[in-house]
Amino acid sequence: MTQLTPELDQAIQARIRYYRDLGIYDFYRRGEPTSESIPELESVSVTNLAPEPPIPARKPTPPPLISAASVESIPAAGRAAELQAIREEIGDCTRCPLAFQGRHSIVFGDGDPNARLMFIGEGPGADEDMQGLPFVGRAGQLLNNMIAAMGLKRTEVYIANIVKCRPPQNRVPEPEEAKTCTQFLFRQIDVIRPQVIVALGATAATYLFGGKSPLARLRGRLHEARGAKLIVTYHPAYLLRDPTQKKEAWKDLQLAMAELGLKPVPRPEN
Ligand code: URA
């Protein structure tokens with residue numbers, strides 16, 4: 001039988017708990033066992049698990065609805081505390097595999113808890129993972145320029161991501177990872193209650209819409225998500241690769257500005 005190291009054992013236990021949270025209780029081995037296969041996983045049932053660490057009491061989680069019309073508005077003064085409560089509930093999260101793939105920080109979100117405008121990206125990159133803040137690398141600098149071009153300061157908006165932990169090699173988050181994490185993002189949105197959400201790129205659009213659609217079909221018009229107007233535009237990392245699309249992104253941002261009653265400002269050159 002393969003000898004498990006404590007680290008591997010911990011990773012397997014966490015993975016099994018993750019599947020159990022998704023409602024999967026039995027695991028079946030595919031094909032014949034090999035010397036690389038992990039016997040414990042071939043026959044494990046959740047009753048074989050070591051006792052779980054105590055889970056802190058949670059506030060009831062609202063279901064991940066796309067519309068949040070029923071969520072009561074939180075007074076402006078209480079929103080920072082509500083966000084802090086969500087952060088504490090996340091804790092040192094091990095709810096999905098991204099917890100075990102080299103994460104340094106959980107990147108919760110950044111900005112004004114009373115923001116009227118929220119930007120949502122895909123997931124932290126290397127810089128964000130090291131600093132614990134969203135959009136602080138090259139793509140973040142471009143996002144800062146986009147925000148400034150709208151006549152706003154970064155501190156006046158709120159910025160978050162679909163997943164709060166860095167996917168290895170910046171790969172697209174797996175659906176299970178995104179679905180596990182967006183329950184918290186949706187609660188952040190419900191606390192902040194922005195007037196406008198800008199989805200940066202296809203991953204943000206997919207999970208805010210609850211389904212995949214080509215970005216080209218979603219861009220350039222207003223949608224709704226969780227009680228806010230939703231606008232989809234290109235991810236800043238894509239704009240760094242193809243700067244010719246910046247003028248299209250600027251059109252999307254102008255839609256957001258019109259919705260927020262912000263005056264048009266000249267299009268930035270960079
Ligand atoms: N890309 C994202 O989608 N989010 C970040 O925070 C940084 C880069």
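Now for a quick tour of the structure. (Residues numbered from 1 in each chain as written. Predicted model: local features only at pLDDT ≥ 70, side-chain atom pairs only at ≥ 80, totals over all residues. Heavy atoms only, no water.)

The subject of this paragraph is the pairing of strand β2 (residues 117–121). Counting buried positions along β2 gives 5 out of 5 residues, so the element sits mostly inside the fold. In terms of strand pairing, β2 meets strand β4 (residues 196–200) through 4 bridges, oriented parallel. When the bridges of β4 are listed, Leu117 appears paired with Val196. In this structure, β2 lies alongside strand β3 (residues 158–161), joined through 4 bridges in parallel fashion. (Buried < 20%, exposed > 50% of the residue type's maximum accessible area, 1.4 Å probe, protein only. Helix = DSSP H or I, 4+ residues; strand = E, 2+ residues; numbered from the N terminus. Pairing = 2+ DSSP bridges.)

Looking now at unusual backbone geometry. Non-glycine residue Phe135 carries a positive phi angle of around 50 degrees. Within the secondary structure, Phe135 is located in the loop between α4 (126–131) and α5 (138–149). The backbone of Asn170 sits at a positive phi, close to 55 degrees, despite the residue not being glycine. The residue Asn170 is located in the loop between β3 and α6 (175–192) in this model. Accessibility expressed as a relative area gives 43% for Asn170, which makes it partly exposed.

A few words now on the pattern of salt bridges. By the definition in use, this model includes 9 salt bridges. Among the salt bridges present, the one from Asp92 reaches Arg103, with a minimum N-O distance of 2.9 Å. Residue Asp92 is located in the loop between α3 (79–90) and β1 (110–111), and its partner Arg103 is located in the loop between α3 and β1; the two are separated by 11 residues in the primary sequence. Here Asp190 ties to Arg226 by a salt bridge, and the two come within 2.7 Å at their closest N and O atoms. A residue pair is termed long-range when its members are at least 10 positions apart, and Asp190 in helix α6 and Arg226 in the loop between β5 (223–225) and β6 (228–233) qualify at 36 residues. By sharing partners, the salt bridges in this structure join Arg219, Glu248, Lys251 and Asp252 into a single network. (Salt bridge = Lys/Arg side-chain N within 4 Å of Asp/Glu carboxyl O.)

Given two aromatic rings, one states the distance between the centres and the angle between the planes to describe the pair. If you walk through the whole model with that rule in mind, you get 1 aromatic pair. On the basis of an interplanar angle of 35 degrees and a centroid distance of 5.0 Å, the ring pair of Tyr234 and Tyr238 is categorised as tilted. A relative accessible area of 13% means that Tyr234 is categorised as buried. Residue classification places Tyr238 among the partly exposed positions, given a relative accessible area of 29%. (Phe/Tyr/Trp six-rings, centres within 6.5 Å; stacked < 30°, edge-to-face > 60°.)

Moving on, we get to the side chain of His223. Tracing the sequence through the fold places His223 in strand β5. At 2.8 Å, the side chain of His223 and the backbone oxygen of Leu218 are in polar contact. Those residues in contact with His223 that lie beyond four places of it in its chain are Phe209, Leu218, Ala228, Lys229, Leu230 and Val232. (Polar contact = N/O pair within 3.5 Å; in protein donor to acceptor, adjacent residues only side chain to side chain. Contact = heavy atoms within 4.5 Å.)

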